[in-house]
Amino acid sequence: MALRSLRSWWLSLRRSGNAGYRLDPAEAKKQVDRIPRFRILVMGKANAGKTTILQRVCNTTDEPEIFDGNGEKVDARMVQGSLKRGYHNIEDELVFKSNPHFVFHDSCGFEAGSEAEFDKMKKFVTDHAKDTKLERRIHAIWYCIPLNESHRMVTAAEKKFFNECDSGHVPVIVLLTKADALNLDAIDELMDRGFSEDEAMKEAPEVEKQLQKGCLEKIKGWLNELKFPPLSYLMLAGMEQEGADCEELLKCTAAALTEEGLQGLLISSQQSNLGLCMEFAIMKTLKRAMNRGAEQVELDNLAYDLSTWFPFQWIDHRSKSISIPKLCTSQLHPLKMLVEHAIGCVIVFEYLFFQLQVKDRGTTRKDLQQDLTLIVQKYQKSGVQEIVNACITEAFQQQGERVDDLCPLLVGIAQANQM
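So, how was this worked out
Residues numbered from 1 in each chain as written. Predicted model: local features only at pLDDT ≥ 70, side-chain atom pairs only at ≥ 80, totals over all residues. Heavy atoms only, no water. Helix = DSSP H or I, 4+ residues; strand = E, 2+ residues; numbered from the N terminus. Buried < 20%, exposed > 50% of the residue type's maximum accessible area, 1.4 Å probe, protein only. Contact = heavy atoms within 4.5 Å. Areas by Shrake-Rupley, 256 points an atom, 1.4 Å probe, with all protein chains shown as cover. Core = buried A, V, L, I, M, F, W, Y, C linked by side-chain atoms within 4.5 Å. Domains from an automatic or database assignment. Arc of directions from axis to C-beta. Salt bridge = Lys/Arg side-chain N within 4 Å of Asp/Glu carboxyl O. Axes fitted to C-alpha atoms, helices over the stretch in contact; angles between N-to-C directions. Parallel < 35°, antiparallel > 145°, perpendicular 65-115°, else oblique. Left-handed = near helix turned anticlockwise from the far one by under 90°. Nonpolar A, V, L, I, M, F, W, Y, C, P; charged D, E, K, R; others polar. Phe/Tyr/Trp six-rings, centres within 6.5 Å; stacked < 30°, edge-to-face > 60°.

By the naming in an unreviewed UniProt entry, the protein goes by G domain-containing protein and is assigned to Pisolithus tinctorius Marx 270.

Put into structure tokens, the structure is as follows:
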């Protein structure tokens, strides 16, 4: 970071009282735009399902490539055995070829009781929570606690971390992994009550939910009493299945972030759920524009702001290098015009990314504007725009100009009319 930029960043920290290292919003947006990848520290004992979760988030079954702290690639064969046991260098970056916009770090095995390993992890969290090199900062911590060993869910390692490790502004989210393992416990419990095996298997899902709820309440009770409790908890089941849905994990993580710029970085980094990109574009950017008032919003700028929620690596967001015509047909209702244009943009951007992935298999595009123009024309001439605008009219008739009530309906309209 240049000296002047660093001084500006530091002054903004001082102006905000350094509370949680939170930046002034305008300065934060400026700095976040320069962060190329979303970085997550993943913690928990070996066999907690950590790698499986990362594979699902990155939509792959491949093992990650490993890079050291200097960006040099590490021979995976050299560390494969130690990776499986949970002992390796926390500074190593785990990156999946399918989505290199995520960088993961895996904690070392301090659960074994090593003070040296715990101190190393603690230093990593402290250093990377407020690193002056923005690209080196961690943005979230996922702490995995598996439920397949319900008799030892919270061990001395978890208590030590949440009692001694202050992550500052970086949110810690506890992921209760392998929650579906409680299905067998549910069947055993029902059979102990006198159910036949077939009856127990039929009734197991409801009892399984009760067991999951009980585990969550116990873990919350233990961890919330400690000095640095987690910000959120999330139950994860079915992660072993290829193509498992990570929407709730991404939503939970985005909700835990303090800066909208980081939320955008997270949502635009994931490529497996474009519906999520559409939802955040509407619920964050469009909602804010609607609250400001149609007269205060330039449609060109709105289109650019909406595009930042999508995983386009070809758009130079700093120079706003895209052009899109007005996608509204209303003439006498300014707010409705704003909404029609925004929803049209969201649908166009979703289809543009999908088409580019199919057409070019993710390679860099030099004629993005040409592709964008063709898709806009398809949106306008295929009948989709007419359907969308009719749905928007109905939404306004139902809700008036109540923005909070309109926006969830607009998400549904956009997602239901994907091209």
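For the protein, the count of helices and strands is 16 helices and eight strands. Going through the 419 residues of the protein one by one, you find that 50% of them count as buried. Counting only contacts in the protein whose residues sit at least 6 apart along the sequence, the fraction spanning at least 24 positions is 71%. Of the roughly 20,500 Å² of accessible surface on the protein, a fraction of 48% belongs to carbon and sulfur atoms.

Here is a general trend for soluble globular proteins: nonpolar side chains tend to be buried in one another's company. Phe104, Trp142, Met290 and Ile343 are the most contacted members of the largest nonpolar core, which totals 89 residues. Per-element accounting of this core gives the leading share, 14 residues, to helix α13 (residues 334-360). Composition of this core by domain shows at least three residues from each of domain 1 (37-269) and domain 2 (274-416). Listed in part, the 30 residues of the second largest apolar core include Ala129, Phe161, Val170 and Ala179.

Within helix α7 (residues 182-192), the full set of buried residues consists of Leu182, Ala186, Ile187 and Leu190. Looking straight down α7, one finds that the buried residues subtend no more than 150° of arc, so they occupy a single side. Residues of α7 that are exposed and angled more than 90 degrees away from the buried face: Leu184 and Asp192. Looking at the packing, one finds that the buried side of α7 touches α8 (197-223). Positive phi appears at Gly194, one or two residues downstream of α7, with a value of about 105°.

Let's shift gears to the pattern of salt bridges. In the structure shown here, the tally under the stated rule is 17 salt bridges. Between Lys336 and Glu340 there is a salt bridge; the shortest N-O distance is 3.5 Å. Taken as a pair, Lys336 and Glu340 lie in helix α13 at a separation of four residues, close to a single helical turn. Look at the salt bridges and you will find they share partners, linking Arg37, Arg39, Glu91, Glu93 and Arg136 into a network.

With that settled, the discussion passes to the packing of helix α15 (residues 384-399) against helix α16 (residues 403-416). Axis angle and axis distance: for two packed helices, these are the angle between their axes and the distance between the axes, and together they describe the pair. Where α15 meets α16, the axes come as close as 10 Å, and the angle between the chain directions of the two elements is 160°. As far as their axial angle goes, α16 and α15 are roughly antiparallel. Considering how the two elements wind past one another, α15 and α16 form a crossing that is right-handed. Along the contact surface, α15 presents Val388, Cys391, Ile392, Ala395, Phe396, Gln398 and Gln399, while α16 presents Asp405, Leu406, Leu409, Leu410 and Ile413. Looking at the contact of α15 with α16 residue by residue, the class counts come to nine nonpolar, two polar and one charged.

All right, on to the packing of aromatic side chains then. Applying the stated rule across the entire model yields 10 aromatic pairs. Relative to Phe162, the ring of Phe161 lies with its centre 4.9 Å away and its plane at 85°, an arrangement referred to as edge-to-face. Among the residues examined, Phe161 registers a relative accessible area of 1% and is labelled buried. Arranged with centres 5.7 Å apart and planes meeting at 35°, the rings of Phe280 and Trp309 form a pair that is tilted. With a gap of 29 residues between them, Phe280 in helix α11 (residues 274-292) and Trp309 in the loop between α12 (299-307) and α13 connect regions that are remote in the sequence. What makes Phe280 buried here is its relative accessible area of 9%.

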